[in-house]
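So you can see what is in the structure, the chains are spelled out below.
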Amino acid sequence: MDASSQYVWNIRFINEIEKRPGIWNESIKSRDSQKQLWEELSQVFNNKSVDSLKRKYKSLKQKFHQQLGTIPQTNNEYDVDPRSFESDWPHYEQMLFLLNEFEAKKNEKRKPPSPEEVPVPKKKRVEEIVKNLVEKHDGDDDKTSAEKQTELDVHNVSSENMLKEGTSTEIMVRPDILPVPSADDGLYHFLMGLYSSMNELDPIRKINVQARIYAMLSQEVTAAAKK
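Please read these numbers as outputs of a predicted model, since none were measured by experiment.

**A look at the packing of helix 3 (residues 31–44) against helix 4 (residues 50–69)**
No. 1: Interhelical geometry of helix 3 versus helix 4 gives an angle of 100° and a closest axis separation of 9 Å. Taken together, the axes of helix 3 and helix 4 lie roughly perpendicular to each other. Contacts between helix 3 and helix 4 involve Trp38, Glu39, Leu41 and Ser42 on the former and, on the latter, Val50, Leu53, Lys54 and Tyr57.

Below you can see the structure in the form of structure tokens.
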């Protein structure tokens, strides 16, 4: 096919593509509809293979994208309206129906992630939980300085020791000071049931619950000491 014939063929091919938004419009295209549309195009172009037509379309899109890249830009914004840009490529104006699609993809890449989409490292999340718990109790004006310091000491234990990678988040115990439980020791069985329930929680939630238990125990111990 000589250059003149190829030029005419390209014009016809681009027109047929434009008439089928299901091929190029991201908001409406689907795999099933695209398959049908490409088969239609194959029939329009004397049963030319679908793969060869797809390659031709991809080549034209890449050329159009290259032309957009030649337009002067400032801060990722075109200095010249692409619709009025004078390109040397003969099919540029004909391919402008793809401009909105290219611009949508471009803006999507430039869009900053929302706070919910920004991944937060595990250690940082846990530290924030512990910090929030400490600030919550530290801000209670009804508590004495001694009570506040007791709670801070409790939370600080969980902040550093629990966050080490590969370190268990279980509560550290002192076997040398634990009494041997008896069969009717209700507290022992309660704590063992609590242990089982805690193990079902994910690590972050587990640390959150542990910190709250520590805080509650510190309050009760401080209150008992005043009596």
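**Thoughts on a nonpolar patch on the surface**
No. 1: Nonpolar side chains collect at one region of the surface, where Leu187, Phe190, Leu191 and Leu194 lie side by side and expose about 390 Å² of accessible area between them.
No. 2: Here Leu194 lies in helix 8 (residues 186–199).

**Considerations on the nonpolar core**
No. 1: Of all hydrophobic cores here, the largest spans 26 residues; its most connected members are Phe13, Ile17 and Phe64.
No. 2: Here this core gets five residues from one element, more than from any other, and that element is helix 4.
No. 3: Each residue touching Phe64, except ones within four places of it in the same chain, is listed here: Trp89, Tyr92, Met95, Leu96, Leu98, Leu99 and Phe102.

**What about the pattern of salt bridges?**
Oppositely charged side chains are able to pair whenever their charged atoms sit close together.
No. 1: By the definition in use, this model includes five salt bridges.
No. 2: Put simply, Arg20 and Glu16 hold a salt bridge, and the shortest N to O gap is 2.7 Å. When sorted by exposure, Arg20 lands in the same class as Glu16, which is buried.
No. 3: One salt bridge in this structure joins Arg205 and Asp202, with 3.8 Å as the shortest N-O distance.
No. 4: What makes Arg205 exposed here is its relative accessible area of 51%.
No. 5: Overlapping salt bridges, with partners in common, bring together Glu16, Lys19, Arg20 and Glu40 in one network.

**Things to note about the side chain of Gln94**
No. 1: You can see Gln94 is positioned in the loop between strand 2 (77–78) and helix 5 (99–110).
No. 2: Among the polar contacts listed, one links the side chain of Gln94 to the backbone oxygen of Ile11, at a separation of 2.9 Å.
No. 3: Polar contacts involving the side chain of Gln94 include one to the side chain of Asn15, which spans 3.1 Å.
No. 4: Leave out the neighbours within four places in its chain, and Gln94 touches Ile11, Ile14, Asn15 and Glu18.

**What to know about the environment of Ile14**
No. 1: Tracing the chain through its elements places Ile14 in helix 1 (residues 3–18).
No. 2: For Ile14 and Phe97, which are 83 residues apart along the polypeptide, the C-alpha to C-alpha distance reads 9.9 Å.
No. 3: The contacts of Ile14, once residues within four sequence positions are left out, are Leu60, His91, Gln94, Met95 and Phe97.

**Focus on the packing of aromatic side chains**
Describing an aromatic ring pair means giving the distance of the ring centres and the angle of the ring planes.
No. 1: Under the counting rule described, the total for this entry stands at eight aromatic pairs.
No. 2: Taken together, a centroid distance of 5.6 Å and an interplanar angle of 65° make the contact between Phe13 and Phe45 edge-to-face. On the criterion of sequence distance, the pair formed by Phe13 in helix 1 and Phe45 in the loop between helix 3 and helix 4 is long-range, its members being 32 residues apart.
No. 3: Phe13 sits in the buried class, given a relative accessible area of 0%.
No. 4: On the accessibility criterion, Phe45 (5% relative accessible area) is buried.

**Focus: the side chain of Thr222**
No. 1: Its place among the elements puts Thr222 in helix 9 (residues 203–226).
No. 2: Engagement of the side chain of Thr222 in a polar contact is seen with the backbone oxygen of Ser218, the distance being 2.7 Å.

**A few points about unusual backbone geometry**
No. 1: The backbone of Asn46 shows a phi angle near 55°, a positive value even though the residue is not glycine.
No. 2: Within the element layout of this structure, Asn46 appears in the loop between helix 3 and helix 4.
No. 3: On the basis of relative accessible area, Asn46 is assigned to the exposed category, the value being 71%.
No. 4: Of note, Asn47 is a non-glycine position whose phi angle comes to about 60°, a positive value.
No. 5: Counting through the fold element by element, Asn47 comes out in the loop between helix 3 and helix 4.
No. 6: Judged by relative accessible area, which is 60%, Asn47 ranks as exposed.

**Thoughts on helix 3**
No. 1: Taking 1.5 Å of rise per residue, the 14 residues of helix 3 would be expected to cover 20 Å, and the 20 Å separating its terminal C-alpha atoms lies within 8% of that figure.
No. 2: Along helix 3, the residues that are buried comprise Gln34, Leu37, Trp38, Leu41 and Ser42. Buried residues along helix 3 cover an arc of 145° about the axis, so they all sit on one side. Residues of helix 3 that are exposed and point more than 90 degrees away from the buried face comprise Asp32, Lys35 and Gln43.
No. 3: Residues of helix 3 that are buried sit in contact with helix 1, helix 2 (21–24) and helix 4.
No. 4: A positive phi of about 55° marks Asn46, the residue just after helix 3.

Calculation notes
Residues numbered from 1 in each chain as written. Predicted model: local features only at pLDDT ≥ 70, side-chain atom pairs only at ≥ 80, totals over all residues. Heavy atoms only, no water. Axes fitted to C-alpha atoms, helices over the stretch in contact; angles between N-to-C directions. Helix = DSSP H or I, 4+ residues; strand = E, 2+ residues; numbered from the N terminus. Parallel < 35°, antiparallel > 145°, perpendicular 65-115°, else oblique. Contact = heavy atoms within 4.5 Å. Patch = residues over 30% accessible without salt bridge, like charges linked within 9 Å, V, L, I, M, F, W, Y side chains within 5 Å. Areas by Shrake-Rupley, 256 points an atom, 1.4 Å probe, with all protein chains shown as cover. Salt bridge = Lys/Arg side-chain N within 4 Å of Asp/Glu carboxyl O. Core = buried A, V, L, I, M, F, W, Y, C linked by side-chain atoms within 4.5 Å. Buried < 20%, exposed > 50% of the residue type's maximum accessible area, 1.4 Å probe, protein only. Polar contact = N/O pair within 3.5 Å; in protein donor to acceptor, adjacent residues only side chain to side chain. Phe/Tyr/Trp six-rings, centres within 6.5 Å; stacked < 30°, edge-to-face > 60°. Expected span 1.5 Å × (residues − 1). Arc of directions from axis to C-beta.

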